Amino acid sequence: MLEIIIFASGRGSNLMAIQEEIESGRLKGNIRAVISNKEDAPALSFAQSKGINAIWIDPKAEGGRRGFERKALQEIGRIGSDCIALAGYMLILSGEFIRDYGKPILNIHPALLPSFPGATAQKDAIEYGVKYSGCTVHFVDEGVDTGPIIAQRAVPVLDADDVESLSARILAEEHKLYPEVLTLMAQGRIHLIDHKVYIDLLDERNYFR
Ligand code: GAR
């Protein structure tokens, strides 16, 4: 069983997709806790509705981002976990946090990295004029959206797209890709060698839908 801690700052639709994969039995894992920097994050109320430990840590009360991270590490140490999955978590994790946690941290980003890192990926893709964008699940390192890429899914960018329509098309793919990657993690099929990720596809078919 893959013991997962989710970090989320907002809506929580990726969290919901992951929880659905667990409930369907495909992903052999558990969400041990959802941790948020936002008291009113819908992700927290969703967690509560599912009986998942929902933890709000106020960065202001903890003296800033590092205080938030130290408190989060205490909570995570108490709860136990195999990995952290960032799902719409909008703060940058410090190198100290990544080192101190010492286990895999995954993120989903709404662009085909290394193109369009940062907080306005869909807007940047439209403004640049790319014909395809998509989503990327990657390991988190100390840079901003620079960690080793685990899996990606592409979608077309249409002339008529605005940020909302492109985001929705990408989000539909995120909801498939993130649970699939976590399922592969739970099966021990994701290997990081230097900065490259290799996935064991043990059966004949390609795992990805
Ligand atoms: C998702 O599109 C995710 O890729 C993006 O925020 C959204 C969260 O949606 N993450 C980032 O931009 C991280 N830099 P959700 O809260 O409904 O899962």
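Just so it is clear, the model here is predicted, and its values are computed rather than measured. (Residues numbered from 1 in each chain as written. Predicted model: local features only at pLDDT ≥ 70, side-chain atom pairs only at ≥ 80, totals over all residues. Heavy atoms only, no water.)

Caption draft 1: Broad picture of the pairing of strand 4 (residues 83-86). The alternating pattern of strand 4 places Cys83 and Ala85 and Ile84 and Leu86 on opposite faces, both of which are buried. One ladder, built from 3 bridges, connects strand 4 with strand 5 (residues 105-109); its direction is parallel. By the bridge assignment, Ile84 is partnered in strand 5 with Ile105. Regarding the hand of the β-α-β motif, the stretch spanning strand 4, helix 4 (residues 95-101) and strand 5 is right-handed. (Buried < 20%, exposed > 50% of the residue type's maximum accessible area, 1.4 Å probe, protein only. Helix = DSSP H or I, 4+ residues; strand = E, 2+ residues; numbered from the N terminus. Pairing = 2+ DSSP bridges. Right-handed = clockwise from strand over helix to strand, strands pointing away.)

Caption draft 2: Up close: the site of the ligand. Inspection of the region around the ligand gives Arg11, Gly12, Ser13, Asn14, Gly88, Met90, Ile108, His109, Pro110, Leu171 and Glu174 as its neighbouring residues. At a separation of 2.8 Å, an oxygen atom of the ligand approaches a polar backbone atom of Gly12. Interatomic distance of 2.5 Å between a side-chain N/O atom of Ser13 and an oxygen atom of the ligand. Here the ligand loses 89% of its free accessible area of 450 Å² to cover by the protein chains. When each cavity is represented as a set of grid points, the ligand is found to reside in the largest pocket. Of all the elements in the fold, those that place two or more residues in the shell around the ligand are helix 1 (13-24), strand 5 and helix 6 (163-186). In the shell around the ligand, the residues fall into 4 nonpolar, 5 polar and 2 charged. (Near = heavy atom within 4 Å. Polar contact = N/O pair within 3.5 Å; in protein donor to acceptor, adjacent residues only side chain to side chain. Areas by Shrake-Rupley, 256 points an atom, 1.4 Å probe, with all protein chains shown as cover. 1 Å grid on protein atoms, 1.4 Å probe; cavity = no way out; pocket = protein on both sides within 12 Å on 5 of 7 lines; lining within 4 Å. Sits in = over half its atoms within 2 Å of the grid points. Nonpolar A, V, L, I, M, F, W, Y, C, P; charged D, E, K, R; others polar.)

Caption draft 3: Here's a closer look at the pattern of salt bridges. Inspection of every chain in the model, using the stated rule, returns 10 salt bridges. A salt bridge links Glu23 to Lys50; the shortest N-O distance between them is 3.1 Å. One end of the pair, Glu23, is in helix 1; the other, Lys50, is in the loop between helix 2 (42-49) and strand 3 (53-56), and 27 residues separate them in sequence. Residue classification places Lys50 among the partly exposed residues on the basis of a relative accessible area of 37%. Note that Glu173 is salt-bridged to Arg153, the shortest N-O span being 3.3 Å. Taken together, the residues Glu173 in helix 6 and Arg153 in strand 7 (residues 149-156) connect sequence positions 20 residues apart. Under the relative-accessibility criterion, Glu173 is labelled buried at 15%. (Salt bridge = Lys/Arg side-chain N within 4 Å of Asp/Glu carboxyl O.)

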